[in-house]
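Here are the chains, one letter per residue:
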Amino acid sequence: MYDIKIDKEKCKDPLNCGKCLQSCPIALFCTYPLNRQPKQICMEWVVEPTFPDLCIGCMACVQNCPNQAITVKEMV
């Protein structure tokens, strides 16, 4: 099992970047609006590991993140 962290300060534009989503062979990341109010246009988005239990530790997300915003550590 792996602990996946995303530094929100470094991951500034996940909606337009999406490198982690594109590179993960398991597709365990998801991008969603930070402000989930109905009938409002959201200008701020975040990316989260939606299925962290499925992580195989390949580090593709870490290697492909242009802002070094992702850390993956094996849990002991």
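The coordinates are above.
Just so we're clear, the structure is a prediction, and the values are computed from it rather than from any experiment.

*Asks:* For this particular structure, what's the right way to read the overall build of the chain?
*Replies:* Per the secondary structure count, the chain includes three helices and four strands. In terms of its C-alpha atoms, the chain occupies a principal-axis envelope of roughly 40 × 25 × 20 Å. Relative to its 76 residues, the chain shows a buried fraction of 30%. A fraction of 61% describes how many contacts in the chain between residues 6 or more apart in sequence connect residues 24 or more apart. Carbon and sulfur atoms form 55% of the exposed surface of the chain, whose accessible area is close to 5500 Å². Side-chain charges in the chain split into 8 positive and 8 negative, and the spacing between the mean points of these groups amounts to 4 Å.

*Asks:* Looking at this model, I keep getting lost on the pattern of salt bridges. Mind explaining?
*Replies:* Considering all chains together, one arrives at two salt bridges under this definition. Between Asp3 and Lys5 there is a salt bridge, with the nearest N and O atoms lying 3.4 Å from each other. Taking the relative accessible area as the measure of exposure, Asp3 reaches 29% and is therefore partly exposed. With a relative accessible area of 48%, Lys5 lands in the partly exposed category. Across the pair Lys8 and Glu48 runs a salt bridge whose closest N-O atoms are separated by 2.4 Å. Pair noted here: Lys8 is in the loop between β1 (2-6) and α1 (14-17) and Glu48 is in strand β3 (residues 45-49), with a separation of 40 residues, a long-range link. Relative accessible area serves as the criterion here: at 24%, Glu48 is assigned to the partly exposed category.

*Asks:* Quick question: what am I supposed to make of the side chain of Thr31 here?
*Replies:* Along the chain, Thr31 falls in strand β2 (residues 29-33). Here Thr31 is in contact with Pro14, Leu15, Leu21, Trp45, Val46 and Val47, once residues within four sequence places are set aside.

Thresholds, definitions, all that
- Residues numbered from 1 in each chain as written.
- Predicted model: local features only at pLDDT ≥ 70, side-chain atom pairs only at ≥ 80, totals over all residues.
- Heavy atoms only, no water.
- Helix = DSSP H or I, 4+ residues; strand = E, 2+ residues; numbered from the N terminus.
- Buried < 20%, exposed > 50% of the residue type's maximum accessible area, 1.4 Å probe, protein only.
- Contact = heavy atoms within 4.5 Å.
- Areas by Shrake-Rupley, 256 points an atom, 1.4 Å probe, with all protein chains shown as cover.
- Lys, Arg positive; Asp, Glu negative; His and termini not counted.
- Charge placed at Lys NZ, Arg CZ, Asp CG, Glu CD.
- Salt bridge = Lys/Arg side-chain N within 4 Å of Asp/Glu carboxyl O.

None of the figures reported here should be taken as evidence of function without further support.
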